[in-house]
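Residue-level structural notes
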Amino acid sequence: MKRIITTGLLAGLLAALPAAAQVKRYTEIKSTPLPQFKVPQPETYTLKNGMRVFLMEDHELPIVAVRAIIRTGSYWEPQNKVGLARLMGVVQRSGGTKTMTGDQMDDYLEARAAFVETGAGGDQSFATMNVLKQDFDDVFKVFVDVLRNPAFAQDKLDLAKVGANSAIARRNDNVGGITNREIGRLVYGAASPLVSLEEYGTIAAITRDDLVAWHKAYYVPNNIMIGVSGDFDSKTMKKSIEAAFGGWPKGTSPALGKIAYQAKNKPGVYFIEKPDVTQANIAMAHLGIEQTNPDYFAAQVMNEILSGGFSGRLMNNIRTKKGLAYGVSGGLGAAFDRPGLMRLGMQTKSASVYDAIAALKDEVRALTVAPPTDLEMTQAKEAILNSFIFNYDSRSGILAQQMNYAYHGLPANYLEMYRSNIEKVSKDDVLRVAKAYVHVDDLSLLIVGRAADFPKPLDTLGNVTKLDITIPKKPGA
């Protein structure tokens, strides 16, 4: 039967080949309608202690994945101890537990081809586990132990600090890293925890007691979501979760303040001298929008038209037609609980820095004066929707995204509504959103490069503020 199907499929492809061969331009290729895509919904419930649980069975492979999300992160750490959340996330796993050292845990997990990891980002921390089905019970005990009873071994904290200091010492080595970091600080404001920098002094100030206190404050069941996907039976999994976490007493919900950032960036020209580079890195930005903004979907279409790979305006016009950039990209960014960045970036020869900046501004300004073409709209929507399907081709990926949306208070059907909301976007919507949220004259312009190689003085662009990115010395050095 399989051979008959294969032969039939091959015959069909050969029959279609002459017609396809007649197509001479990519614009002549007719795409077929996307198939219906129904997003699987996880089973959700809440334990008596407030821990929220998400379950999604997937019997394709004999693997079980567990992910816990903890409502905390570096955005709420004290500014004199920047790095605390990240170091706690590292040492929570590497420092072992009261029953197993971190090194013993490494051996234990390696023997079972499993992993348990922990970490912290800006607005959430996490613990993850991946294991073969037959080893779930054993490795889940380790996962639970790490989540609830970390030992925070002092020697592992010391080792993590060495790594942190090494990263601080190297942070000005990469011109791309400098550009990305400093444009964010220009827009959000250097004092905002969104762009805080770990320094030798802040790392030195962090103690083991700080890690213990951080864990005690935030790692309570009513501040945690846990999701399980993979090859399991839901009834059995519920019993395992109840046995592991049901007796964990509910804690005091920690108060997480609103994340501070400056309400408006200071437009202007900013420069960082990097004498060891042969090209200029350019970034422009102002505040963007929040993901809960109803215009988010129109912004996605606008971004695709502006910067959707080689078919986007930026690459097509600035790189391909004008030859002014090696790489160029940008768009109106969205974030949870704060605005993202309307951000543009490119790399160009030092000799063409001014022409490249002018071309980039022209492309962005064009968004705000005329609607996109029908062809641009069609291509942008197809690109977004096709990639959307492939982004969620695994149940573990869908569960992770569903948990993330739930964490930020979005409705359970948000992912399912995504497609229809993109399809509804019109040309007028794109123009309206561009006019509302894209403001060329409000952009902060940052150039990182070697001024001596530029064809004209920097003040050709206006008043220039030079930024000092010197790394503060170690305490006592």
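So, how was this worked out
Residues numbered from 1 in each chain as written. Predicted model: local features only at pLDDT ≥ 70, side-chain atom pairs only at ≥ 80, totals over all residues. Heavy atoms only, no water. Helix = DSSP H or I, 4+ residues; strand = E, 2+ residues; numbered from the N terminus. Buried < 20%, exposed > 50% of the residue type's maximum accessible area, 1.4 Å probe, protein only. Lys, Arg positive; Asp, Glu negative; His and termini not counted. Charge placed at Lys NZ, Arg CZ, Asp CG, Glu CD. Pairing = 2+ DSSP bridges. Core = buried A, V, L, I, M, F, W, Y, C linked by side-chain atoms within 4.5 Å. Contact = heavy atoms within 4.5 Å. Axes fitted to C-alpha atoms, helices over the stretch in contact; angles between N-to-C directions. 1 Å grid on protein atoms, 1.4 Å probe; cavity = no way out; pocket = protein on both sides within 12 Å on 5 of 7 lines; lining within 4 Å. Points joined across faces, edges and corners; volume = space filled by probe spheres on them. Nonpolar A, V, L, I, M, F, W, Y, C, P; charged D, E, K, R; others polar. Phe/Tyr/Trp six-rings, centres within 6.5 Å; stacked < 30°, edge-to-face > 60°. pLDDT = per-residue confidence, 0-100. Expected span 1.5 Å × (residues − 1). Arc of directions from axis to C-beta.

**What to know about the overall build of the protein chain**
The helix and strand inventory of the protein chain stands at 16 helices and 14 strands. Considered along the principal axes of its C-alpha atoms, the protein chain spans approximately 75 × 65 × 35 Å. Of all 477 residues assigned to the protein chain, the portion counted as buried reaches 49%. The positive charge centre, built from 55 side chains, and the negative charge centre, built from 49, are 2 Å apart in the protein chain.

**What to know about the pairing of strand β3 (residues 63–70)**
Taking burial as the measure, the 8 residues of β3 include 6 buried ones, the bulk of the element. Sheet analysis places β3 next to strand β5 (residues 125–132), joined by 8 bridges and oriented antiparallel. Paired with isoleucine 63 across the two strands is leucine 132, which belongs to β5. The sheet contact formed by β3 and strand β6 (residues 224–230) spans 7 bridges and is antiparallel. Bridge assignment links alanine 65 to a residue of β6, and that residue is serine 229.

**Focus: the nonpolar core**
With 67 residues, the main nonpolar core has Val301, Leu344 and Ile447 as its most contacted residues. Not counting the four nearest positions on each side in its chain, isoleucine 447 is found in contact with Val269, Tyr270, Phe271, Ile272, Ala280, Asn281, Val353, Ile357, Phe454, Leu458 and Leu461. By size, the runner-up hydrophobic cluster in this structure holds 51 residues, among which are Leu55, Met105, Ala127 and Ala244.

**Some details on the sheet that holds β3**
Read across the sheet, 6 strands follow the order β1-β2-β6-β3-β5-β4 without closing on themselves; strand pairing throughout is mixed. Of all strands in the sheet, those with a lone pairing partner are β1 (43–46) and β4 (115–120), marking the two edges. Within the sheet, the average angular offset between the axes of one strand and its neighbour, ignoring direction, is 15°.

**Considerations on the layout of surface pockets**
Of the voids in this model, the largest pocket is the one considered here, and its volume is about 330 Å³. Forming the boundary of the largest pocket are 20 residues, of which Val82, Arg86, Ser196, Leu197 and Glu198 lie nearest the centre. Its residues assigned to classes, the lining of the largest pocket comprises 10 nonpolar, 5 polar and 5 charged.

**With respect to the sheet that holds strand β12 (residues 341–349)**
In spatial order, the strands read β10-β12-β8-β13-β7-β14; together these 6 strands make up an open sheet with mixed pairing. The strands lining the two open edges of the sheet, one partner per strand, are β10 (327–332) and β14 (464–466). On average, adjacent strands in this sheet sit at an angle of 20° to one another, irrespective of strand direction. The sheet contact formed by strand β7 (residues 268–273) and strand β13 (residues 444–449) spans 6 bridges and is parallel. Bridging from a neighbouring strand, isoleucine 272 pairs with valine 448 of β13. On the sheet, helix α11 (residues 313–321) packs against β10 and β12 and is oriented at approximately 150° with respect to β10.

**Thoughts on the packing of aromatic side chains**
Aromatic rings in a pair are described by how distant their centres are and how their planes are angled relative to each other. Evaluation of the coordinates by the stated rule reveals 13 aromatic pairs. A centroid spacing of 6.1 Å and a plane angle of 85° characterise the contact between phenylalanine 140 and phenylalanine 245, whose relative ring orientation is edge-to-face. Highlighted residues: phenylalanine 140 in helix α4 (residues 136–148) and phenylalanine 245 in helix α9 (residues 234–245), separated in sequence by 105 residues. Relative accessible area serves as the criterion here: at 5%, phenylalanine 140 is assigned to the buried category. Phenylalanine 245 sits in the buried class, given a relative accessible area of 0%.

**Details of the confidence of the model for the protein chain**
Looking at the protein chain, the pLDDT average stands at 92 and 93% of residues meet or exceed 70. Here residues 1–20 is modelled with pLDDT under 50, and outside its nearest four sequence neighbours on either side it reaches 0 contacts, counting other chains as well.

**Thoughts on the side chain of serine 350**
Mapping serine 350 onto the fold places it in the loop between β12 and α12 (353–367). In contact with serine 350, not counting residues within four places along its chain, are Thr278, Gln279, Ala280, Asp453, Phe454 and Pro455.

**Section: α9**
Here α9 contains 12 residues, and its C-alpha end-to-end distance of 16 Å stays within 8% of the 16 Å for a straight helix at 1.5 Å per residue. Turning to α9, its buried residues are Ser234, Met237, Ser240, Ile241, Ala244 and Phe245. Taken down its axis, α9 places every buried residue within 115° of arc, on the same side. Exposed positions of α9 whose direction lies more than 90 degrees from the buried face are Lys235, Lys239 and Ala243. Buried residues in α9 make contact with β1, β2 (52–57), β3, α4 and β6.

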